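# A look at the structure
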Amino acid sequence: MTTLPSGFARARRWLRDHPLAFDATLAFCVLIAMICGSFADPGKGHGPTFGTRTPEAFSVLLMVLAASALVLRRRHPMPVLAATGVLTATEYIFMDPPAPVVMSTVIALYTVASRTDRPTTWRVGLLTMGILTVAAMVFGSTPWYSQENLGVFAWTGMASAAGDAVRSRRAFVDAIRERAERAERTREEEARRRVAEERLRIARDLHDVVAHHIALVNVQAGVAAHVMDKRPDQAKEALAHVRDASRSALNELRVTVGLLRQSGDPEAPTEPAPGLAVLDELVDTFRNAGLPVEVAGADRGPRLPAAVDLAAYRVIQEALTNVRKHAGAGARAEVSVVRVGTTAEITVLDNGRGSAAGRPGAESTADGGGHGLLGMRERVTALGGALTAGPRYGGGFRVHAILPLEARTGEPEQPGPAAATGERR
């Protein structure tokens, strides 16, 4: 069974959705109020008395015209106010005692005040109050200080004040709603930005894992195929390295893909992220692949921050992978990690000459090259550091990264000298 409050709520929603119907209903109610008020005689000293006078036909016509004008008060507030004001002034000039046509002007003035700015409300409100109050005082038979004349001034003033208050509240609510929508958009943009950053980080990790381990697998498989007939023991050793490298690649890929498959927040990893603590193991994998690597300097101080430690490890891993792939036969590499003040400097040198495919500028982005150094640079610049990479004087290649010990998160900087030099990957 429908309750009375729910019925009123539905009626109010319907009227809000149909403003013209609401204005027509309001105009009809104002007309009924004006006609009822026209039967009241102000009286002398004891208040108004009803039924002692009857409105003239001219007054009824003015009341009907004024009420009809209120139907268009939302679409044309200023013309409706002007029309009702003229009809009210006409009633004060020609009829005595006047019918309460001023009710329509009060409604029209409220509409103007609620839909315009405050300066316009002040100007229009004062003008309407002045004209109608003067007309009532000058052309009425009652003294100028009578309560009927002062009532015109009071009701028009209250209509202006009420309309201005409603307009201010509506603007305040709209501002709160706009700020809430803007905050929601900002949260969505921040979420999208974080997703994009996480995808970029995962892409860099996948690139590092695949490039490093597949390069080792390729080298060791080639060695095994070369010595399979003449040196089966060495072939078995190479195949063992292939098995270890592929197992490591599968483990790291499984962890990364597992993060991608999680629908909620990723759980804490069960194994620590790679860092300089396992630098010797990383170097051994390249030595087993046939690349002589010398660790000229390794930082033995307190452990670097996690983000810096991982970035340093990935820079060294990618640089040595590039040496193994592009430096050519007989190349040697040298790695150093030195802590200088508030920064850590990572340097990877090699003396390789490189094949034609690995020479500066030989690779194009069309075949997917150039992502190795790009990924290293993004890692370093995201922490507030700098990376340079390029050929050495007299042959070889040099990768040099400077990482702050207090990592900061920022937007990647514009490509530095490394972008203009010969990128191997």
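Residues numbered from 1 in each chain as written. Predicted model: local features only at pLDDT ≥ 70, side-chain atom pairs only at ≥ 80, totals over all residues. Heavy atoms only, no water.

## A short note on the environment of glycine 390
- Here glycine 390 lies in strand β6 (residues 386-391).
- According to the relative accessible area criterion, glycine 390 is buried, its value standing at 9%.
- C-alpha separation for the pair glycine 390 and histidine 400, spaced 10 residues apart in sequence, amounts to 9.2 Å. (Helix = DSSP H or I, 4+ residues; strand = E, 2+ residues; numbered from the N terminus. Buried < 20%, exposed > 50% of the residue type's maximum accessible area, 1.4 Å probe, protein only.)

## Considering the nonpolar core
- Counting residues in each nonpolar core, the largest one holds 36 residues, and the members touching the most others are Val293, Ile316, Leu320, Ile346, Val399 and Leu403.
- Of the residues forming this core, the biggest block, nine residues, is contributed by helix α10 (residues 306-326).
- Setting aside chain neighbours within four positions, we find valine 293 in contact with Val283, Phe286, Arg287, Leu320, Ala333 and Val335.
- Ranked by size, the runner-up nonpolar core spans 28 residues in total, among them Met34, Leu87, Val101 and Leu109. (Core = buried A, V, L, I, M, F, W, Y, C linked by side-chain atoms within 4.5 Å. Contact = heavy atoms within 4.5 Å.)

## Things to note about the pairing of strand β4 (residues 333-340)
- Pairing between strand β3 (residues 293-297) and β4: four bridges, direction parallel. Residue valine 295 lies in a different strand from β4, and its bridge partner there is valine 335.
- Strand direction decides the pairing type here: β4 and strand β5 (residues 343-350), joined by eight bridges, are antiparallel. Counted as the bridge partner of valine 340 is threonine 343 from β5.
- Counting the residues between successive antiparallel strands, the hairpin from β4 to β5 contains two residues, one of them, glycine 341, with a positive phi of roughly 60 degrees. (Pairing = 2+ DSSP bridges.)

## What to know about the pattern of salt bridges
- Per the counting criterion, the structure on display carries eight salt bridges.
- Between aspartate 174 and arginine 177 there is a salt bridge whose closest N-O contact spans 3.0 Å. In this pair, aspartate 174 and arginine 177 are both assigned in helix α7 (residues 147-227), three residues apart and thus about one turn of the helix distant.
- You can call aspartate 174 partly exposed: its relative accessible area is 40%.
- Each of Asp23, Arg73 and Arg74 takes part in a single network of salt bridges with overlapping partners. (Salt bridge = Lys/Arg side-chain N within 4 Å of Asp/Glu carboxyl O.)

## Section: the packing of helix α4 (residues 77-94) against helix α6 (residues 118-139)
- Direction vectors running N to C along α4 and α6 enclose 15 degrees, while the axes themselves pass 8 Å from each other. Classified by the angle between their axes, α4 and α6 sit roughly parallel to one another. Relative to α6, α4 is oriented so that their crossing is right-handed. Counted together, Met78, Leu81, Gly85, Thr88, Ala89, Tyr92 and Ile93 of α4 and Thr120, Val124, Thr128, Leu132, Ala135, Ala136 and Phe139 of α6 form the full contact between these two elements.
- Within the contact of α4 with α6, the residues separate by chemical class into 10 nonpolar, four polar and no charged. (Axes fitted to C-alpha atoms, helices over the stretch in contact; angles between N-to-C directions. Parallel < 35°, antiparallel > 145°, perpendicular 65-115°, else oblique. Left-handed = near helix turned anticlockwise from the far one by under 90°. Nonpolar A, V, L, I, M, F, W, Y, C, P; charged D, E, K, R; others polar.)

## Notes on the sheet that holds strand β7 (residues 397-404)
- Sheet architecture is open: five strands sit in the order β3-β4-β5-β7-β6, paired in mixed fashion. The strands lining the two open edges of the sheet, one partner per strand, are β3 and β6. Pairwise comparison of adjacent strand axes, ignoring direction, gives a mean angle of 10 degrees for this sheet.

## Topic: a positive patch on the surface
- On the surface, a cluster of positive charge is made up of Arg10, Arg12, Arg13 and Arg16.
- Mapped onto the elements, arginine 10 comes out in helix α1 (residues 4-17).
- Given the relative accessible area of 44%, arginine 10 is considered partly exposed. (Patch = residues over 30% accessible without salt bridge, like charges linked within 9 Å, V, L, I, M, F, W, Y side chains within 5 Å. Areas by Shrake-Rupley, 256 points an atom, 1.4 Å probe, with all protein chains shown as cover. Lys, Arg positive; Asp, Glu negative; His and termini not counted. Charge placed at Lys NZ, Arg CZ, Asp CG, Glu CD.)

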